[in-house]
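The lines below spell out each chain.
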Amino acid sequence: ALRSAGAYPYAVDGADAPGLSTTPLAGELYVCSTDQLDRLDALEDHPSYYKRRPVRLQGEDAEAWMYVLRDAGALANIRARPDAFADAAGDWRGVFGRSP
């Protein structure tokens, strides 16, 4: 599921927030060096706030890294008040009226 409480989205594992709608997520792929990935990990506070994990790409025989919300407090807020978090229907660009 893709949820937002404001300026940026949270990718949420359905197992961490039972009852939330789950849909395939649309995203953008980037090729990163190990150094760039290390800097992204620091930016995303991996593995404390977000956890970087491999995900299977739909329709492809490949995987990519994705950051999934891990912070216990943020997940508890989403579980307790799911209506307070916008459902981005799997594509964050649609929240802003942008297309792929």
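Scroll up for the structure.
A brief look at the structure comes next. (Residues numbered from 1 in each chain as written. Predicted model: local features only at pLDDT ≥ 70, side-chain atom pairs only at ≥ 80, totals over all residues. Heavy atoms only, no water.)

## Remarks on the packing of aromatic side chains
In this description, a pair of aromatic rings is defined by centroid distance and the angle of the planes.
Consideration 1: For the structure shown, the criterion picks out one aromatic pair.
Consideration 2: The lysine or arginine in question, Arg-52, covers the ring of Trp-65, its NZ or CZ lying 4.3 Å from the ring centre. (Phe/Tyr/Trp six-rings, centres within 6.5 Å; stacked < 30°, edge-to-face > 60°. Lys NZ or Arg CZ within 6 Å of the ring centre and 35° of its normal.)

## Some points on the nonpolar core
Nonpolar side chains in soluble globular proteins tend to end up buried together.
Consideration 1: Membership of the largest hydrophobic core is limited to 11 residues, which are Tyr-10, Val-12, Ala-17, Leu-20, Leu-37, Tyr-50, Tyr-67, Leu-69, Ala-74, Leu-75 and Ile-78.
Consideration 2: Among the elements of the structure, strand S4 (63–69) and helix H2 (72–80) are those that each provide at least two residues to this core.
Consideration 3: Broken down by element, the residue count for this core peaks at three residues, all from H2.
Consideration 4: Setting aside residues no more than four positions away along its own chain, Ala-17 makes contact with Val-12, Ile-78 and Arg-79. (Core = buried A, V, L, I, M, F, W, Y, C linked by side-chain atoms within 4.5 Å. Buried < 20%, exposed > 50% of the residue type's maximum accessible area, 1.4 Å probe, protein only. Helix = DSSP H or I, 4+ residues; strand = E, 2+ residues; numbered from the N terminus. Contact = heavy atoms within 4.5 Å.)

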